[in-house]
Amino acid sequence: MPLSRDAALNIAKVLSEALPYIQQYVGKTIVVKYGGNAMIDEELKNAFARDIVMMKLVGINPIVVHGGGPQIGDLLAKLNIESKFVGGMRVTDAATMDVVEMVLGGQVNKDIVNLINHNGGRAMGLTGKDARLIVAKKLKATHKTPEMQAPEIIDIGHVGEVKHINVDVLNLLVASDFIPVIAPIGVDEQGQSYNINADLVAGKVAEALKCEKLILLTNIAGLLDKQGRVMTGLSLADVDALIEDGTITGGMLPKIGCALDAVRNGVKRAHIIDGRVAHATLLEMFTNEGVGTLITNEHL
Ligand SMILES: Nc1ncnc2c1ncn2[C@@H]1O[C@H](COP(=O)(O)OP(=O)(O)OP(=O)(O)O)[C@@H](O)[C@H]1O
Ligand SMILES: [Mg+2]
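Residues numbered from 1 in each chain as written. Chains lettered and ligands numbered in written order. Predicted model: local features only at pLDDT ≥ 70, side-chain atom pairs only at ≥ 80, totals over all residues. Heavy atoms only, no water.

**With respect to the packing of helix α7 (residues 198-208) against helix α9 (residues 252-264)**
Between α7 and α9, the least distance of the axes is 8 Å, while the angle of their chain directions is 5 degrees. Relative to α9, α7 is oriented roughly parallel. Counted together, Asp199, Leu200, Gly203, Lys204 and Glu207 of α7 and Pro254, Lys255, Cys258, Asp261 and Ala262 of α9 form the full contact between these two elements. A per-class count over the contact of α7 with α9 returns four nonpolar, one polar and five charged. (Axes fitted to C-alpha atoms, helices over the stretch in contact; angles between N-to-C directions. Helix = DSSP H or I, 4+ residues; strand = E, 2+ residues; numbered from the N terminus. Parallel < 35°, antiparallel > 145°, perpendicular 65-115°, else oblique. Contact = heavy atoms within 4.5 Å. Nonpolar A, V, L, I, M, F, W, Y, C, P; charged D, E, K, R; others polar.)

**Some thoughts on the state of the cysteines**
Under the counting rule described, the total for this entry stands at zero disulfides. Considering cysteine sulfurs only, Cys211 is the nearest to Cys258, which forms no disulfide, with 12 Å between them. According to the relative accessible area criterion, Cys258 is buried, its value standing at 3%. (Disulfide = S-S within 2.5 Å. Buried < 20%, exposed > 50% of the residue type's maximum accessible area, 1.4 Å probe, protein only.)

**Brief notes about the site of ligand 1**
Neighbouring ligand 1 are 22 residues; Lys33, Thr218, Asn219, Thr247 and Lys255 lie closest to it. In the model, a nitrogen atom of ligand 1 is placed 2.8 Å from a nitrogen or oxygen of the Thr247 main chain. Alone, ligand 1 offers 640 Å² of accessible surface; in the complex the protein occludes 80% of this. Residue assignment for the shell around ligand 1 shows that the elements contributing at least two residues are α4 (69-78), β13 (213-218) and α9. Of the residues that constitute the shell around ligand 1, the class distribution is seven nonpolar, twelve polar and three charged. (Near = heavy atom within 4 Å. Polar contact = N/O pair within 3.5 Å; in protein donor to acceptor, adjacent residues only side chain to side chain. Areas by Shrake-Rupley, 256 points an atom, 1.4 Å probe, with all protein chains shown as cover.)

**Thoughts on the UniProt feature "site: Transition state stabilizer" (unreviewed entry) in the protein**
Within this structure's numbering, the places UniProt gives as "site: Transition state stabilizer" (unreviewed entry) are Lys33 and Lys255. Judged by maximum C-alpha separation, these annotated positions cover 223 residues in sequence but sit close together in space, the widest gap being only 10.0 Å. Residue Lys33 is classed as buried on the basis of its relative accessible area, which comes to 5%. In this structure Lys33 touches Val65, His66, Gly67, Ala198, Asp199, Ala202, Ile215, Leu216, Leu217 and Lys255, once residues within four positions along its chain are discounted. Assignment of secondary structure puts Lys255 in helix α9. Overall, the relative accessible area of 6% leaves Lys255 in the buried class. Apart from the residues lying within four places of it in its own chain, the contact partners of Lys255 are Lys33, Asp199, Leu216, Thr218 and Ile272. (UniProt positions renumbered as here; feature names shortened; annotations may be inferred.)

**Focus: the environment of Thr296**
Looking at where Thr296 falls in the secondary structure, it is placed in strand β15 (residues 293-296). As a C-alpha pair, Thr296 and Thr145 span 151 residues in sequence and 31 Å in three-dimensional space. In this view, Thr296 contacts Val263, Lys268 and Arg269; residues no more than four positions away in its chain are not counted.

**So, the packing of aromatic side chains**
Taken as a whole and judged by the stated rule, the model has one aromatic pair. Arranged with centres 3.7 Å apart and planes meeting at 5 degrees, the rings of Tyr34 and Phe48 form a pair that is stacked. Placement of the pair is Tyr34 in strand β1 (residues 29-34) and Phe48 in helix α3 (residues 42-57), with a sequence separation of 14 residues. For the pair formed by Tyr34 and Phe48, the shared burial category is buried. Directly above the ring of Phe178 sits Arg122, whose terminal nitrogen or CZ lies 4.1 Å from the centroid. (Phe/Tyr/Trp six-rings, centres within 6.5 Å; stacked < 30°, edge-to-face > 60°. Lys NZ or Arg CZ within 6 Å of the ring centre and 35° of its normal.)

Written out as structure tokens, the structure reads:
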């Protein structure tokens, strides 16, 4: 059926609205973190892959970092291995680490690579072990309850933090018009594997490449206040207060932490956006619609 004149004009308007954004970001690298929770629905997955291909085709260089919490949880449940979390991080013993590596590096990574390629992109999957992309060290997690005077340090196993990102392989891929898709598994100097929260990896990759933008797609509208309203333009002190009073918990803790770190270390803007909305990335990149929570260094 042919479009009505109004509908056609509207499409032209939306496309034209994208021009200044394309001009602003052409040739720039953008890191997109794709959350495990937002990548279950087939339609959303396809929309995400198309957004990434579209970015690349208009001359922007996307790098995808993915999570996979729900997928790891599913396989652990099938294997009767219990899932435990401390401060939003998965407690990872040796058996859990094997599952994490299989699910993230195998199933989830290749699924995203396949989807992007199926939609016409040139994606290439990597874990932090490939070309020693992610050099990790063991994360010293802390835990504190209101009754405790000082936080205690707890051992959560093979959970790592990023020590260093070797950007060479990323630069090589981006320069050859590939789209890197990174599974958040790190490796230390001894060759030990680490499970790293994908938000932390995305933040550090964005920092290492001094990216214009870090987009964290998740399964919620953004950072919410106690009444469930999306908050934006927060200062460091605001975030600290929200953590202290228990508004920010679980998986939002590393997410907000890495967004703050990224903008402190040279990334211009970090966005936490709702991956349950189809084409959330496209909307964020190319329209005047402000979706989700924005953090820039103006607020810090
Ligand atoms: N103040 C808050 N505002 C919004 N979400 C919050 C807040 N505090 C805690 N959360 C939780 O953080 C979750 C998002 O983090 P989560 O780690 O679960 O998802 P993800 O990072 O997108 O996926 P993955 O960890 O698999 O990569 C939300 O679904 C919500 O339950
Ligand atoms: Mg998470």
